[in-house]
Amino acid sequence: MSYTQTQLDKLGHLDIEVDPTLDLVAEITRLKKEKNAIILAHYYQESEIQDIADYIGDSLGLSQMAASTDADIIVFAGVHFMAETAKMLSPEKKVLLPDLKAGCSLADSCPPHLFRKFKERYPNHKVVSYINCTAELKTLTDVCCTSTNAVNIIESFPEDQGIIFAPDRNLGAYLIKKTGRDLVLWNGTCMVHEIFSNEKITKLQIRHPEAVLIAHPECEQHILDKAVYIGSTSGLLKFTKESEATEFIVATEAGIIHQMELASPEKTFFPAPPNNTCACNDCPHMKRNTMEKLYLCMKHELPEIILPEWVIEEGVASIDRMLEISAKAGL
Ligand code: 13P
Ligand code: SF4
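Parameters and conventions
Residues numbered from 1 in each chain as written. Chains lettered and ligands numbered in written order. Predicted model: local features only at pLDDT ≥ 70, side-chain atom pairs only at ≥ 80, totals over all residues. Heavy atoms only, no water. Axes fitted to C-alpha atoms, helices over the stretch in contact; angles between N-to-C directions. Helix = DSSP H or I, 4+ residues; strand = E, 2+ residues; numbered from the N terminus. Parallel < 35°, antiparallel > 145°, perpendicular 65-115°, else oblique. Left-handed = near helix turned anticlockwise from the far one by under 90°. Contact = heavy atoms within 4.5 Å. Nonpolar A, V, L, I, M, F, W, Y, C, P; charged D, E, K, R; others polar. Near = heavy atom within 4 Å. Polar contact = N/O pair within 3.5 Å; in protein donor to acceptor, adjacent residues only side chain to side chain. Areas by Shrake-Rupley, 256 points an atom, 1.4 Å probe, with all protein chains shown as cover. Buried < 20%, exposed > 50% of the residue type's maximum accessible area, 1.4 Å probe, protein only. 1 Å grid on protein atoms, 1.4 Å probe; cavity = no way out; pocket = protein on both sides within 12 Å on 5 of 7 lines; lining within 4 Å. Points joined across faces, edges and corners; volume = space filled by probe spheres on them. Pairing = 2+ DSSP bridges.

Asker: Requested: an account of the packing of helix α2 (residues 24–34) against helix α15 (residues 291–300), with residues and values cited.
Answerer: Axis angle and axis distance: for two packed helices, these are the angle between their axes and the distance between the axes, and together they describe the pair. Between α2 and α15, the least distance of the axes is 10 Å, while the angle of their chain directions is 30 degrees. One finds that α2 runs roughly parallel with respect to α15. As α2 runs across α15, the sense of the crossing is left-handed. For the pair formed by α2 and α15, the contact residues are L24, V25, E27, I28, L31 and K32 on the first element and M291, E292, L294, Y295, M298 and K299 on the second. Looking at the contact of α2 with α15, its residues break down into 8 nonpolar, no polar and 4 charged.

Asker: Which residues make up the site of ligand 1, and what are the values?
Answerer: Surrounding ligand 1, one finds 13 residues, the nearest of these being H42, S147, H216, E218 and T233. In the environment of ligand 1, an oxygen atom lies 2.9 Å from a nitrogen or oxygen atom belonging to the backbone of S59. Here an oxygen atom of ligand 1 and a side-chain polar atom of N132 are 3.4 Å apart. For ligand 1, whose unbound accessible area comes to 300 Å², protein coverage reaches 96%.

Asker: Tell me about the site of ligand 2, and please be specific about residues and values.
Answerer: Taken together, Y44, V79, C104, S105, L106, N132, C190, V192, E218, C283, H285 and M286 make up the full set of residues near ligand 2. Residue composition of the shell around ligand 2, grouped by class: 8 nonpolar, 3 polar and 1 charged.

Asker: Could you give an account of the environment of V250, naming the residues involved and the relevant values?
Answerer: Within the element layout of this structure, V250 appears in strand β11 (residues 247–251). Judged by relative accessible area, which is 1%, V250 ranks as buried. Separated by 113 residues in the primary sequence, V250 and L137 have C-alpha atoms spaced 30 Å apart. When neighbours within four sequence positions are excluded, V250 is seen to be in contact with I214, I256, I257, M260, F269, F270, P271, A272 and N281.

Asker: Requested: an account of empty space enclosed by the protein, with residues and values cited.
Answerer: Going through the model one piece at a time under the given rule, you end up with 2 cavities of 30 Å³ or more. When its volume is computed, the largest cavity comes out at roughly 230 Å³. Lining of the largest cavity is provided by 28 residues; of these, Y44, F81, N132, E218 and M286 occupy positions nearest its centre. Those elements that provide at least two residues to the lining of the largest cavity are α4 (59–68), α5 (80–89) and α6 (105–108). Counted by class, the lining of the largest cavity contains 13 nonpolar, 13 polar and 2 charged residues. Lining the second largest cavity, in full, are S59, L62, S63, A66, F76, F81, M82, T85, A86 and I131. Classifying every residue of the lining of the second largest cavity by side-chain character gives 7 nonpolar, 3 polar and no charged.

Asker: I'd like a description of the sheet that holds strand β5 (residues 126–130), backed by residues and values.
Answerer: An order of β6-β5-β7-β8 is seen for the 4 strands of this open sheet, with the pairing classed as parallel. Only two strands of the sheet have a single neighbouring strand rather than two, namely β6 (143–145) and β8 (184–185). Two strands pair when backbone bridges link them, and β5 and strand β7 (residues 163–166) are joined in this way by 4 bridges, in the parallel orientation. The residue of β7 that forms the bridge with K126 is I163.

Following this line, the structure appears as C-alpha cells:
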C-alpha cells in the first residue's frame with residue numbers, strides 16, 4: 001500500500017531533526033522499557049538497528065514473533081508489508097514503522113486490482129502469495145509463504161491442485177524446479193535480487209577460488225544455477241555457521257552479513273557484486289530506517305500502521321494458515 005504525501009502527513013511521517021549529541025542507544029532502550037515495546041528487526045536492517053533489536057530474523061520468524069509477543073507496541077524495523085503483517089496478526093497492538101515510505105519493489109509489482117483480474121482467468125486455482133505483498137493482496141490469497149517455508153506450503157496442496165504463485169517470478173521458478181509443480185506465476189521481482197552480476201561474481205570467484213557462492217531464492221535463475229546453497233536469510237546464516245568453508249560470496253541484501261560476521265568472526269564474507277557501478281547491494285527500502293527514525297517513532301508512537309478492518313478480517317486467514325503449516329513442519 002503506498003501513501004500520498006497528505007496521507008503520510010496525517011499518519012505522522014516524522015521529519016524532525018534529532019539532537020546529534022543524544023545517546024540514541026540509551027534513549028531507545030529507555031523507551032522500550034517505558035512503553036513495553038518490542039523491536040523486531042529484519043536481517044536487512046543496518047547493523048546498529050540489528051544490535052538494539054529484541055528479535056532479529058527472517059520474514060517467517062518475524063511473523064511468528066509478531067503473533068506471539070505480549071508487548072503493547074511492536075516497532076517494526078523492516079518494510080511496510082512486514083509491519084502490515086504484524087498488524088494483521090496482532091490487530092489489538094500498536095504497530096509502528098520508523099519510515100512509512102519503506103516499501104518493497106516486489107510488493108509494488110503486484111497491484112491487487114490487476115491481480116484480481118489475473119486470478120479470474122484461473123477460477124479453480126488456489127493462490128499462494130509470498131509474504132512480500134500488500135495486505136490487500138493477502139485478501140486474495142489462500143496461503144502466504146516466506147522463503148523458509150515456501151516448499152512446505154506448495155506441497156501442502158494436493159498434487160493435482162492448480163496453484164497461482166505471486167508476486168515473485170524468481171522464487172516461483174525455483175519452486176517449480178524444487179517441487180515439480182506446474183505453478184502459474186505472476187511476473188514480479190525484487191529490485192535487489194535481480195541486479196547481481198554474473199560476470200562480476202565470476203571474477204570474484206576467480207580471485208577467491210575457495211569462496212562458496214550462496215544465494216537467496218529471489219535471485220535470478222542464472223545466479224541460482226551457480227550457487228552451492230540456496231536459502232532464505234535464516235537458511236543462509238545457518239549454512240555459513242555450519243559449513244566448513246571459510247569464505248562466502250553472499251547473493252542477497254548485504255545487511256545479513258552483519259549476523260554472519262558476528263556468528264563466524266573467523267570467516268570472510270563477500271557481498272555479491274551488483275550489475276551497476278554502485279559498490280553496494282543494499283535494499284533502499286529496508287535502509288530507509290535509521291536509528292534517528294527509530295528513536296523518533298518510539299518517542300512519538302508514530303507513524304502507526306492502520307489497516308481497514310475488512311483487510312485484516314479477509315487477509316489474516318492466509319497468514320494464519322501459513323503459520324499453522326510451518327508449525328506442523330517444525331519451522
Ligand atoms: P526472508 O526474510 O524470508 O529471507 O526474505 C528476504 C526478503 O526479501 C525480505 O524482504
Ligand atoms: Fe522488497 Fe527486495 Fe527490499 Fe526485500 S530486498 S524489501 S523483497 S525490495
